[in-house]
Amino acid sequence: MRSNHVRLNCGITLPLLGFGTYSFPNDRNTTEVAVHNALEMGYRHFDTAKIYGSEAAVGKALNEAICEGEVEREDIFLTSKLWGSDHHDPVSALKQTLKNLGMEYLDMYLVHWPVKLKPWVNYPVPNEDDFEKLDLESTWAGMEKCLEMGLCRCIGVSNFSSKKIESLLDYGSTTPAVNQVEMHPMWRQGRLRKICGDHKIHVSAYSPLGGPGNAWGSTAVVDHPIIRSIAFKHRATPAQVALKWGLSKGSSVIVKSFNQERMKENIGSFDLRLDDEDMFEIEKLEEMKIMKGEFHVNGTTSPYKTIEELWDGEI
Ligand SMILES: NC(=O)c1ccc[n+]([C@@H]2O[C@H](COP(=O)([O-])OP(=O)(O)OC[C@H]3O[C@@H](n4cnc5c(N)ncnc54)[C@H](OP(=O)(O)O)[C@@H]3O)[C@@H](O)[C@H]2O)c1
(Lines give C-alpha, C1' and ligand atoms only; values in the text may rest on other atoms or scores of the structure.)
Protein backbone atom coordinates (compact mmCIF):
# COMPACT_ATOMS: atom_id res chain seq x y z
CA MET A 1 0.00 0.00 0.00
CA ARG A 2 1.11 3.55 -0.67
CA SER A 3 2.93 5.33 2.10
CA ASN A 4 0.05 7.20 3.61
CA HIS A 5 1.12 7.96 7.13
CA VAL A 6 0.91 10.78 9.61
CA ARG A 7 3.48 11.60 12.29
CA LEU A 8 1.91 11.82 15.74
CA ASN A 9 2.90 14.23 18.51
CA CYS A 10 4.54 11.30 20.34
CA GLY A 11 6.96 10.92 17.42
CA ILE A 12 5.73 7.72 15.79
CA THR A 13 3.96 7.35 12.46
CA LEU A 14 0.44 6.07 12.03
CA PRO A 15 -0.88 4.53 8.79
CA LEU A 16 -3.91 6.56 7.75
CA LEU A 17 -6.03 3.57 6.79
CA GLY A 18 -6.96 1.54 9.87
CA PHE A 19 -8.59 -1.88 9.95
CA GLY A 20 -11.48 -2.05 12.43
CA THR A 21 -12.08 -5.32 14.23
CA TYR A 22 -15.36 -4.79 16.05
CA SER A 23 -17.89 -7.24 14.71
CA PHE A 24 -21.11 -8.70 15.98
CA PRO A 25 -21.42 -11.59 16.29
CA ASN A 26 -17.78 -11.84 17.25
CA ASP A 27 -16.35 -14.97 15.67
CA ARG A 28 -12.70 -15.71 16.39
CA ASN A 29 -11.96 -17.62 13.22
CA THR A 30 -13.63 -15.05 10.97
CA THR A 31 -11.59 -12.28 12.59
CA GLU A 32 -8.33 -14.22 12.20
CA VAL A 33 -8.98 -14.85 8.52
CA ALA A 34 -9.92 -11.20 7.99
CA VAL A 35 -6.70 -9.98 9.64
CA HIS A 36 -4.61 -12.35 7.49
CA ASN A 37 -6.38 -11.09 4.36
CA ALA A 38 -5.94 -7.50 5.48
CA LEU A 39 -2.19 -7.97 5.97
CA GLU A 40 -1.89 -9.53 2.57
CA MET A 41 -3.67 -6.56 0.98
CA GLY A 42 -1.38 -4.10 2.73
CA TYR A 43 -3.30 -2.97 5.81
CA ARG A 44 -0.83 -2.26 8.62
CA HIS A 45 -2.95 -0.42 11.19
CA PHE A 46 -5.23 -2.59 13.33
CA ASP A 47 -7.79 -1.33 15.81
CA THR A 48 -9.09 -3.52 18.63
CA ALA A 49 -10.37 -3.11 22.19
CA LYS A 50 -10.79 -5.32 25.20
CA ILE A 51 -14.57 -4.93 24.97
CA TYR A 52 -14.72 -6.05 21.31
CA GLY A 53 -13.48 -9.49 22.33
CA SER A 54 -11.26 -9.43 19.24
CA GLU A 55 -7.85 -9.00 20.89
CA ALA A 56 -7.00 -12.73 20.94
CA ALA A 57 -7.90 -13.28 17.27
CA VAL A 58 -6.14 -10.12 16.09
CA GLY A 59 -3.01 -11.00 18.07
CA LYS A 60 -2.98 -14.60 16.85
CA ALA A 61 -3.22 -13.63 13.17
CA LEU A 62 -0.60 -10.87 13.53
CA ASN A 63 1.79 -13.17 15.39
CA GLU A 64 1.39 -15.90 12.78
CA ALA A 65 2.22 -13.42 10.03
CA ILE A 66 5.23 -12.15 11.98
CA CYS A 67 6.49 -15.71 12.65
CA GLU A 68 6.09 -16.60 8.98
CA GLY A 69 8.16 -13.56 8.03
CA GLU A 70 5.29 -11.91 6.13
CA VAL A 71 5.56 -8.73 8.14
CA GLU A 72 7.75 -7.22 10.86
CA ARG A 73 6.22 -6.22 14.18
CA GLU A 74 7.71 -2.73 13.70
CA ASP A 75 5.67 -2.30 10.50
CA ILE A 76 2.37 -2.89 12.30
CA PHE A 77 0.49 -0.18 14.17
CA LEU A 78 -1.64 -1.80 16.85
CA THR A 79 -4.24 0.04 18.94
CA SER A 80 -6.30 -1.23 21.84
CA LYS A 81 -8.47 0.50 24.43
CA LEU A 82 -9.01 0.77 28.16
CA TRP A 83 -12.56 -0.20 29.08
CA GLY A 84 -14.46 1.73 31.78
CA SER A 85 -14.13 -1.07 34.35
CA ASP A 86 -10.33 -0.75 34.14
CA HIS A 87 -10.00 2.95 34.95
CA HIS A 88 -8.97 1.82 38.44
CA ASP A 89 -5.77 0.27 37.12
CA PRO A 90 -4.75 0.93 33.50
CA VAL A 91 -1.36 -0.78 33.95
CA SER A 92 -2.92 -4.13 34.93
CA ALA A 93 -5.54 -3.75 32.19
CA LEU A 94 -2.89 -3.12 29.55
CA LYS A 95 -0.82 -6.08 30.77
CA GLN A 96 -3.93 -8.26 30.32
CA THR A 97 -4.55 -6.80 26.86
CA LEU A 98 -0.95 -7.60 25.87
CA LYS A 99 -1.45 -11.15 27.15
CA ASN A 100 -4.65 -11.48 25.10
CA LEU A 101 -2.78 -10.22 22.03
CA GLY A 102 0.43 -12.14 22.67
CA MET A 103 2.34 -8.88 22.16
CA GLU A 104 5.07 -7.14 24.11
CA TYR A 105 3.77 -3.66 23.47
CA LEU A 106 0.99 -1.67 21.85
CA ASP A 107 1.58 1.25 19.52
CA MET A 108 -1.44 3.08 20.90
CA TYR A 109 -3.51 2.68 24.07
CA LEU A 110 -6.69 4.73 24.22
CA VAL A 111 -9.13 5.55 27.01
CA HIS A 112 -12.17 4.05 25.28
CA TRP A 113 -14.83 6.32 26.84
CA PRO A 114 -14.80 9.06 29.48
CA VAL A 115 -16.72 6.69 31.77
CA LYS A 116 -15.63 4.77 34.88
CA LEU A 117 -17.45 1.51 35.61
CA LYS A 118 -17.41 -0.97 38.48
CA PRO A 119 -14.48 -3.39 38.14
CA TRP A 120 -16.56 -6.38 37.03
CA VAL A 121 -18.41 -4.66 34.19
CA ASN A 122 -16.95 -6.60 31.27
CA TYR A 123 -19.86 -6.00 28.92
CA PRO A 124 -20.46 -3.21 26.40
CA VAL A 125 -23.80 -1.92 27.66
CA PRO A 126 -23.56 -1.06 31.37
CA ASN A 127 -26.50 -1.45 33.72
CA GLU A 128 -27.95 1.54 35.51
CA ASP A 129 -26.00 0.95 38.74
CA ASP A 130 -22.66 0.03 37.08
CA PHE A 131 -21.17 3.54 37.03
CA GLU A 132 -18.58 5.00 39.41
CA LYS A 133 -17.58 8.58 40.04
CA LEU A 134 -15.50 9.79 37.10
CA ASP A 135 -11.88 10.66 37.88
CA LEU A 136 -10.21 11.19 34.52
CA GLU A 137 -7.18 12.76 36.14
CA SER A 138 -6.25 9.53 37.91
CA THR A 139 -7.19 7.45 34.85
CA TRP A 140 -4.84 9.57 32.73
CA ALA A 141 -2.08 9.25 35.36
CA GLY A 142 -2.48 5.46 34.97
CA MET A 143 -2.22 5.79 31.20
CA GLU A 144 0.97 7.85 31.62
CA LYS A 145 2.35 5.08 33.81
CA CYS A 146 1.69 2.58 30.97
CA LEU A 147 3.74 4.82 28.71
CA GLU A 148 6.60 5.19 31.21
CA MET A 149 6.73 1.41 31.63
CA GLY A 150 7.09 0.93 27.87
CA LEU A 151 3.88 -1.10 27.61
CA CYS A 152 2.75 1.17 24.78
CA ARG A 153 4.43 3.70 22.50
CA CYS A 154 1.74 6.35 22.69
CA ILE A 155 -1.41 7.09 24.65
CA GLY A 156 -4.61 8.77 23.62
CA VAL A 157 -8.33 9.03 24.17
CA SER A 158 -11.57 8.17 22.41
CA ASN A 159 -15.01 9.75 22.51
CA PHE A 160 -13.65 12.88 24.20
CA SER A 161 -15.41 16.20 23.54
CA SER A 162 -13.48 19.44 23.00
CA LYS A 163 -14.14 20.39 26.63
CA LYS A 164 -12.77 17.09 27.96
CA ILE A 165 -9.70 17.45 25.74
CA GLU A 166 -9.08 20.95 27.06
CA SER A 167 -9.37 19.91 30.69
CA LEU A 168 -7.10 16.90 30.10
CA LEU A 169 -4.47 19.32 28.80
CA ASP A 170 -4.69 21.12 32.17
CA TYR A 171 -4.28 18.11 34.45
CA GLY A 172 -2.18 15.77 32.29
CA SER A 173 1.59 15.80 31.84
CA THR A 174 1.30 14.03 28.47
CA THR A 175 -0.78 15.41 25.59
CA PRO A 176 -2.85 12.62 24.05
CA ALA A 177 -1.53 11.65 20.63
CA VAL A 178 -4.95 10.71 19.27
CA ASN A 179 -8.64 11.32 19.88
CA GLN A 180 -10.58 8.54 18.15
CA VAL A 181 -14.15 9.68 17.50
CA GLU A 182 -17.08 9.12 15.21
CA MET A 183 -16.43 11.07 12.03
CA HIS A 184 -17.85 10.83 8.52
CA PRO A 185 -19.41 13.17 5.94
CA MET A 186 -22.55 13.50 8.09
CA TRP A 187 -20.73 14.00 11.41
CA ARG A 188 -17.83 16.20 10.50
CA GLN A 189 -16.46 17.20 13.91
CA GLY A 190 -15.45 20.68 12.74
CA ARG A 191 -15.01 22.19 16.21
CA LEU A 192 -13.27 19.15 17.70
CA ARG A 193 -10.87 18.93 14.75
CA LYS A 194 -9.93 22.57 15.21
CA ILE A 195 -9.24 22.20 18.93
CA CYS A 196 -7.35 18.94 18.51
CA GLY A 197 -5.40 20.46 15.61
CA ASP A 198 -4.38 23.43 17.76
CA HIS A 199 -2.82 20.97 20.23
CA LYS A 200 -1.34 18.60 17.62
CA ILE A 201 -3.73 15.84 18.64
CA HIS A 202 -4.52 13.61 15.68
CA VAL A 203 -8.23 12.94 15.11
CA SER A 204 -8.90 9.38 14.04
CA ALA A 205 -12.29 8.66 12.47
CA TYR A 206 -14.23 5.62 13.62
CA SER A 207 -17.38 4.48 11.79
CA PRO A 208 -16.13 6.46 8.78
CA LEU A 209 -18.96 4.98 6.69
CA GLY A 210 -21.53 5.54 9.43
CA GLY A 211 -21.39 1.85 10.40
CA PRO A 212 -23.83 0.44 7.82
CA GLY A 213 -24.73 -3.09 8.86
CA ASN A 214 -24.10 -2.47 12.58
CA ALA A 215 -27.13 -2.79 14.87
CA TRP A 216 -26.61 0.82 15.95
CA GLY A 217 -25.21 2.00 12.62
CA SER A 218 -26.82 3.64 9.61
CA THR A 219 -26.77 3.50 5.83
CA ALA A 220 -27.53 7.24 5.75
CA VAL A 221 -23.96 8.14 4.69
CA VAL A 222 -23.37 5.55 1.97
CA ASP A 223 -26.95 5.97 0.68
CA HIS A 224 -26.93 9.76 0.71
CA PRO A 225 -27.83 11.08 -2.77
CA ILE A 226 -25.02 13.67 -2.66
CA ILE A 227 -22.42 11.05 -1.69
CA ARG A 228 -23.77 8.76 -4.37
CA SER A 229 -23.65 11.48 -7.02
CA ILE A 230 -20.04 12.38 -6.14
CA ALA A 231 -19.17 8.68 -6.37
CA PHE A 232 -20.92 8.40 -9.74
CA LYS A 233 -19.07 11.45 -11.07
CA HIS A 234 -15.67 9.92 -10.22
CA ARG A 235 -16.57 6.30 -11.08
CA ALA A 236 -15.92 5.48 -7.43
CA THR A 237 -18.13 4.02 -4.71
CA PRO A 238 -19.96 5.89 -1.92
CA ALA A 239 -17.71 4.20 0.66
CA GLN A 240 -14.61 5.48 -1.17
CA VAL A 241 -16.05 9.00 -1.16
CA ALA A 242 -16.74 8.85 2.58
CA LEU A 243 -13.25 7.50 3.35
CA LYS A 244 -11.49 9.96 1.05
CA TRP A 245 -13.39 12.84 2.66
CA GLY A 246 -12.00 11.80 6.10
CA LEU A 247 -8.49 11.40 4.69
CA SER A 248 -8.75 14.80 2.99
CA LYS A 249 -9.44 16.36 6.39
CA GLY A 250 -6.12 14.94 7.64
CA SER A 251 -7.72 12.19 9.69
CA SER A 252 -6.99 8.51 9.71
CA VAL A 253 -10.03 6.35 8.99
CA ILE A 254 -10.71 3.13 10.90
CA VAL A 255 -12.99 1.15 8.62
CA LYS A 256 -14.26 -2.34 9.29
CA SER A 257 -14.86 -4.83 6.52
CA PHE A 258 -14.24 -8.55 6.70
CA ASN A 259 -15.30 -8.91 3.06
CA GLN A 260 -12.35 -9.13 0.66
CA GLU A 261 -13.98 -7.12 -2.13
CA ARG A 262 -14.94 -4.29 0.20
CA MET A 263 -11.54 -4.40 1.91
CA LYS A 264 -9.93 -3.77 -1.50
CA GLU A 265 -12.53 -1.15 -2.36
CA ASN A 266 -11.70 0.71 0.85
CA ILE A 267 -7.97 0.75 0.01
CA GLY A 268 -8.98 2.21 -3.36
CA SER A 269 -10.17 5.38 -1.60
CA PHE A 270 -6.55 6.60 -1.70
CA ASP A 271 -6.75 6.82 -5.49
CA LEU A 272 -9.86 9.00 -5.52
CA ARG A 273 -9.39 12.76 -5.98
CA LEU A 274 -12.21 14.84 -4.51
CA ASP A 275 -12.37 18.35 -5.97
CA ASP A 276 -13.30 21.57 -4.19
CA GLU A 277 -16.87 21.32 -5.34
CA ASP A 278 -17.20 17.79 -3.87
CA MET A 279 -15.77 18.97 -0.56
CA PHE A 280 -18.12 21.97 -0.58
CA GLU A 281 -21.15 19.77 -1.28
CA ILE A 282 -20.21 17.47 1.61
CA GLU A 283 -19.74 20.45 3.93
CA LYS A 284 -23.39 21.36 3.32
CA LEU A 285 -24.83 17.94 4.31
CA GLU A 286 -27.08 17.80 7.33
CA GLU A 287 -25.19 16.55 10.41
CA MET A 288 -26.28 13.37 12.14
CA LYS A 289 -24.48 11.69 15.02
CA ILE A 290 -24.98 7.95 14.85
CA MET A 291 -23.11 6.65 17.94
CA LYS A 292 -24.78 8.75 20.62
CA GLY A 293 -23.58 6.62 23.55
CA GLU A 294 -26.98 6.62 25.26
CA PHE A 295 -25.89 3.46 27.13
CA HIS A 296 -23.53 5.69 29.16
CA VAL A 297 -26.30 8.05 30.23
CA ASN A 298 -28.77 7.66 33.09
CA GLY A 299 -30.42 9.73 35.77
CA THR A 300 -28.89 7.85 38.71
CA THR A 301 -25.27 6.56 38.83
CA SER A 302 -23.83 7.86 35.54
CA PRO A 303 -21.97 11.17 35.70
CA TYR A 304 -23.94 12.02 32.55
CA LYS A 305 -27.63 12.62 33.12
CA THR A 306 -28.22 13.53 29.48
CA ILE A 307 -26.59 12.84 26.12
CA GLU A 308 -25.72 16.56 25.93
CA GLU A 309 -23.68 16.19 29.14
CA LEU A 310 -21.79 13.16 27.77
CA TRP A 311 -20.72 15.15 24.70
CA ASP A 312 -20.56 18.54 26.48
CA GLY A 313 -23.12 19.90 24.05
CA GLU A 314 -21.32 18.69 20.89
CA ILE A 315 -24.28 16.67 19.67
N1 LIG B 1 -13.61 4.12 19.80
C2 LIG B 1 -14.86 3.74 19.69
O3 LIG B 1 -15.68 3.99 20.60
C4 LIG B 1 -15.30 3.02 18.46
C5 LIG B 1 -16.68 2.93 18.17
C6 LIG B 1 -17.06 2.27 17.00
C7 LIG B 1 -16.10 1.72 16.15
N8 LIG B 1 -14.77 1.79 16.48
C9 LIG B 1 -13.74 1.18 15.61
O10 LIG B 1 -13.94 1.61 14.27
C11 LIG B 1 -14.13 0.49 13.42
C12 LIG B 1 -15.06 0.84 12.28
O13 LIG B 1 -16.30 1.34 12.75
P14 LIG B 1 -17.67 0.65 12.43
O15 LIG B 1 -17.49 -0.80 12.22
O16 LIG B 1 -18.61 1.09 13.46
O17 LIG B 1 -18.16 1.40 11.11
P18 LIG B 1 -17.77 1.46 9.56
O19 LIG B 1 -16.39 1.02 9.33
O20 LIG B 1 -18.21 2.80 9.14
O21 LIG B 1 -18.79 0.42 8.93
C22 LIG B 1 -18.62 -0.96 9.02
C23 LIG B 1 -19.77 -1.64 8.25
O24 LIG B 1 -19.73 -1.21 6.90
C25 LIG B 1 -19.62 -2.33 6.03
N26 LIG B 1 -18.69 -1.93 4.97
C27 LIG B 1 -17.33 -1.87 5.01
N28 LIG B 1 -16.82 -1.44 3.85
C29 LIG B 1 -17.87 -1.20 3.05
C30 LIG B 1 -18.00 -0.74 1.72
N31 LIG B 1 -16.92 -0.46 0.99
N32 LIG B 1 -19.25 -0.61 1.20
C33 LIG B 1 -20.34 -0.90 1.92
N34 LIG B 1 -20.31 -1.36 3.21
C35 LIG B 1 -19.08 -1.51 3.75
C36 LIG B 1 -19.13 -3.48 6.88
O37 LIG B 1 -19.61 -4.70 6.45
P38 LIG B 1 -18.66 -5.90 5.86
O39 LIG B 1 -17.73 -6.33 6.95
O40 LIG B 1 -19.66 -6.95 5.50
O41 LIG B 1 -17.97 -5.32 4.66
C42 LIG B 1 -19.69 -3.13 8.26
O43 LIG B 1 -21.02 -3.63 8.40
C44 LIG B 1 -14.65 -0.61 14.36
O45 LIG B 1 -14.50 -1.90 13.82
C46 LIG B 1 -13.79 -0.35 15.58
O47 LIG B 1 -12.50 -0.90 15.39
C48 LIG B 1 -14.36 2.46 17.59
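The shown structure was predicted, so the numbers you read here are calculated from the model rather than taken from an experiment.

Calculation notes
- Residues numbered from 1 in each chain as written.
- Predicted model: local features only at pLDDT ≥ 70, side-chain atom pairs only at ≥ 80, totals over all residues.
- Helix = DSSP H or I, 4+ residues; strand = E, 2+ residues; numbered from the N terminus.
- Buried ≥ 20, exposed ≤ 12 C-beta atoms within 10 Å, placed from the backbone.
- Contact = placed C-beta atoms within 7 Å.
- UniProt positions renumbered as here; feature names shortened; annotations may be inferred.
- Near = placed C-beta within 6 Å.

A.B. asks: Mind showing me how you'd approach the environment of Leu94 here?
C.D. replies: Structurally, Leu94 can be placed in helix 3 (residues 90-101). According to the C-beta neighbour criterion, Leu94 is buried, with 26 such atoms within 10 Å. It is 26 Å that separates the C-alpha atoms of Leu94 and Ser162, two residues lying 68 residues apart in sequence.

A.B. asks: I'm lost on the environment of Ala38 in this one. Help?
C.D. replies: Along the polypeptide, Ala38 turns up in helix 1 (residues 28-41). C-beta crowding within 10 Å serves as the criterion here: with 26 such atoms nearby, Ala38 is assigned to the buried category. Between the alpha carbons of Ala38 and Phe258 there is a distance of 8.5 Å; along the sequence they are 220 residues apart. Not counting residues within four places of it along the chain, the set of residues in contact with Ala38 comprises Phe19, Tyr43 and Met263.

A.B. asks: Is there a simple way to explain the UniProt feature "binding site: substrate" (unreviewed entry) in the protein in this structure?
C.D. replies: Mapped onto the present numbering, the UniProt feature "binding site: substrate" (unreviewed entry) falls on His112. With respect to the secondary-structure elements, His112 resides in the loop between strand 6 (106-111) and helix 4 (136-148). Accessibility expressed as a C-beta count within 10 Å gives 22 for His112, which makes it buried.

A.B. asks: Sorry if this is basic, but what is going on with the site of the ligand here?
C.D. replies: By nearness alone, 30 residues border the ligand, and Gly20, Leu209, Gly213, Ala239 and Ser257 come closest of all. Only strand 10 (252-255) and helix 9 (260-267) provide two or more residues apiece to the shell around the ligand. Residue contributions to the shell around the ligand peak at 3 residues, all from helix 9.

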